[in-house]
Structures are given as C-alpha cells and as structure tokens.
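Architecture and fold: a report
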Amino acid sequence: MKYQAVILDLDGVICFTDHYHYLAWKKIADDLETYFDEKINNRLRGVSRMESLEIILENFHGTLSEEEKYALAERKNEEYKRFLGQMTEKDLSLEVKAVLDELRGRGLKLAIGSSSKNAKFILERLGLKDYFDAVSDGTNISKSKPDPEVFLKAAEFLSIPPDKSLVVEDAKAGIQAAKSGGFDAAGLGEAGEDKMADYALKSFKELLKIMI
Ligand code: B16
Ligand code: MG
C-alpha cells in the first residue's frame, strides 16, 4: 500500500461544528455591532481562534487592546463549548465511523490533525476518546494551518514519515499545510478543488478507493 497512515482533520471531516463556530462568533460580532455572515465564517475553517477573531475584526470600526481581544476569544469559546456540550455519539455519522473502522481493518494507523484546542473534548463527545492512534491539535502547536506543524507532529506521534501518510482536509489552509509538510492531501468538498490537492473527495467514503 502507498500509505501507512491517514491523518484526518476534525472539524469538517470527522464532524461538523462549523455552525456552532458561526453561532458563537455571531454573538461576539453582534455585541461589537460588526457585520458577520456564513461566508465570512467559511474563511475561518482550519484557522486558529485568535486568527479567526482578526478576520472578524476586519469589519470592526474601532480599536481593541490585546487584552480585550483575548477576552473576546475567551467569551466566544465559552459560547462554543456550550454547543459542544450538547453533542452526543449520534453526531458521529455512520458513514464516517464505518470508513474509519475499515481503514483500521486494512492496517492503517489513524491520527487527528486539528487546529482546535477543543479537539479532545469533541472526540470525547463523539465517543472517539481513545479511538485514534495519535491526536495532534491546537494544544501542541505554536503555528496553525497553513503551517504544517500540526500534521508534522501527528506523523511524529505515529512514527510514520510524511511521505507515507495521507492528510484529509476540508479547508484550503489545511491542504496547503499538508503539501508544505511533504504529505499527500485529499480535499473533501470545496477543498478538493484546490489545485494543490492530490485527490478530490465528493464524500468521505471515497477515501476507501484511495486506500487500496
Ligand atoms: P478552537 P480543524 C479548526 O478545526 C476549525 O476549523 C476552525 O474554524 C477553528 O477556528 C479552529 O479549529 C480553532 O478551534 O477555537 O476550538 O481552538 O478544522 O482544524 O479541526
Ligand atoms: Mg477542518
């Protein structure tokens, strides 16, 4: 087999928390009387919390201190975590779970490569707490996607080199991160249209066609 491992992004690949991010950021933007919509929310995919705030503040007319910005990001996270707390194992799709089990059955190592500092909490909510061979997330990196750090760490945790690992991503920033780290990349949905992506996946189960 060409690959020994699959490194999977979390938000947008394993689960769909975009709308929770949107609702939480929308509350902050409304308080700041700042325009924010789903289109702007799409630009936040794979981007860290503080960088997401900077994107939202592009439409803010005023200045904020670093302290005020941290406080806003903290408030957004509290809101976001309230939504995450309502998630259950039913939020993990049967398709995703079946494909993961099949990949594991084919002998592949599986890891998470997520920018989120809430990744472990989300995995717990989905009933996947101890499922993956490694979890690299926002808590073990200093640079977020499009920097390759999160995926390089995942490969290091697995002890499998980047050129033997495939990254699966829903965000362009994630495809860029994978490619600059020396990984092959599969883009799900819009990310598959990125010229840098090695594979375009219309659905998660199409991953099984690559992994033969
Ligand atoms: P948090 P991923 C990313 O997760 C999200 O796509 C992005 O929208 C979010 O800002 C980022 O995590 C940080 O999340 O605030 O929970 O630390 O797609 O890389 O799994
Ligand atoms: Mg994502």
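Refer to the structure presented above.
In this text the structure is predicted, and so the values were computed from the model without any measurement.

Regarding the overall build of the protein
Looking only at helices and strands, one finds nine helices and six strands in the protein. The C-alpha radius of gyration of the protein comes to 17 Å, within 12% of the 17 Å expected for a compact globule of 212 residues. In terms of its C-alpha atoms, the protein occupies a principal-axis envelope of roughly 55 × 35 × 30 Å. Expressed as a percentage of its 212 residues, the buried residues of the protein come to 52%. Charged side chains in the protein number 31 positive and 38 negative. The centres of these two groups are separated by 4 Å.

What to know about the pattern of salt bridges
Counted under the stated rule, the structure contains 18 salt bridges. The shortest N-O distance in the salt bridge between Lys179 and Asp198 comes to 2.8 Å. In this pair, Lys179 sits in helix 8 (residues 172-180) while Asp198 sits in the loop between strand 5 (184-188) and strand 6 (199-201), placing the two residues 19 residues apart along the sequence. Overall, the relative accessible area of 26% leaves Lys179 in the partly exposed class. The class of Asp198 is partly exposed, set by a relative accessible area of 35%. Shared partners join several salt bridges into a network, and the residues in it are Lys2, Lys179, Asp184 and Asp198.

Looking at the coordination of the magnesium ion (ligand 2)
Around the magnesium ion (ligand 2), the protein contributes the donor atoms Asp9 (OD), Asp11 (O) and Asp170 (OD), at 2.1 to 2.2 Å from the metal centre. Of note, the magnesium ion (ligand 2) draws all its donor residues from one chain, in the sequence arrangement D-x1-D-x158-D. By relative accessible area, Asp9 is classed as buried at 4%.

Concerning the sheet that holds strand 4 (residues 165-169)
Strands sit in the order 3-2-1-4-5-6 across an open sheet of six strands; the sheet is parallel. Two strands lie at the open edges of the sheet, namely strand 3 (134-136) and strand 6, each paired on one side alone. The average angle at which neighbouring strand axes cross in this sheet is 25°, direction not considered. Two elements, strand 2 (residues 109-113) and strand 3, share three bridges in a ladder whose sense is parallel. Among the inter-strand pairings, Ile112 is bridged to a residue of strand 3, identified as Val135. This element, helix 7 (residues 149-158), spans strand 1 (5-8), strand 2, strand 3 and strand 4 of the sheet and lies at about 160° to strand 3. Sheet strands touched by helix 8: strand 4 and strand 5. Its angle to strand 5, the strand with the most contacts, is close to 170°.

Concerning the nonpolar core
In this structure, Leu8, Ile14, Phe132 and Leu207 are the most contacted members of the largest nonpolar core, which totals 36 residues. A per-element tally of this core places helix 5 (residues 94-105) first, with four residues. Core analysis: the next-biggest nonpolar cluster, separate from the first, contains 19 residues, Ala5, Val150, Ile160 and Ala185 among them.

A look at the site of ligand 1
Val47, Arg49, Ser116, Lys117 and Asn118 are the nearest of the 18 residues found near ligand 1. About the coverage of ligand 1: the protein hides 97% of its 470 Å² of free accessible area.

Calculation rules
- Residues numbered from 1 in each chain as written.
- Chains lettered and ligands numbered in written order.
- Predicted model: local features only at pLDDT ≥ 70, side-chain atom pairs only at ≥ 80, totals over all residues.
- Heavy atoms only, no water.
- Helix = DSSP H or I, 4+ residues; strand = E, 2+ residues; numbered from the N terminus.
- Rg over C-alpha atoms; globule rule 2.2 N^0.38 Å.
- Buried < 20%, exposed > 50% of the residue type's maximum accessible area, 1.4 Å probe, protein only.
- Lys, Arg positive; Asp, Glu negative; His and termini not counted.
- Charge placed at Lys NZ, Arg CZ, Asp CG, Glu CD.
- Salt bridge = Lys/Arg side-chain N within 4 Å of Asp/Glu carboxyl O.
- Donors = N, O, S within 2.8 Å, 3.2 Å for Na, K, Ca; no water.
- Pairing = 2+ DSSP bridges.
- Axes fitted to C-alpha atoms, helices over the stretch in contact; angles between N-to-C directions.
- Contact = heavy atoms within 4.5 Å.
- Core = buried A, V, L, I, M, F, W, Y, C linked by side-chain atoms within 4.5 Å.
- Near = heavy atom within 4 Å.
- Areas by Shrake-Rupley, 256 points an atom, 1.4 Å probe, with all protein chains shown as cover.

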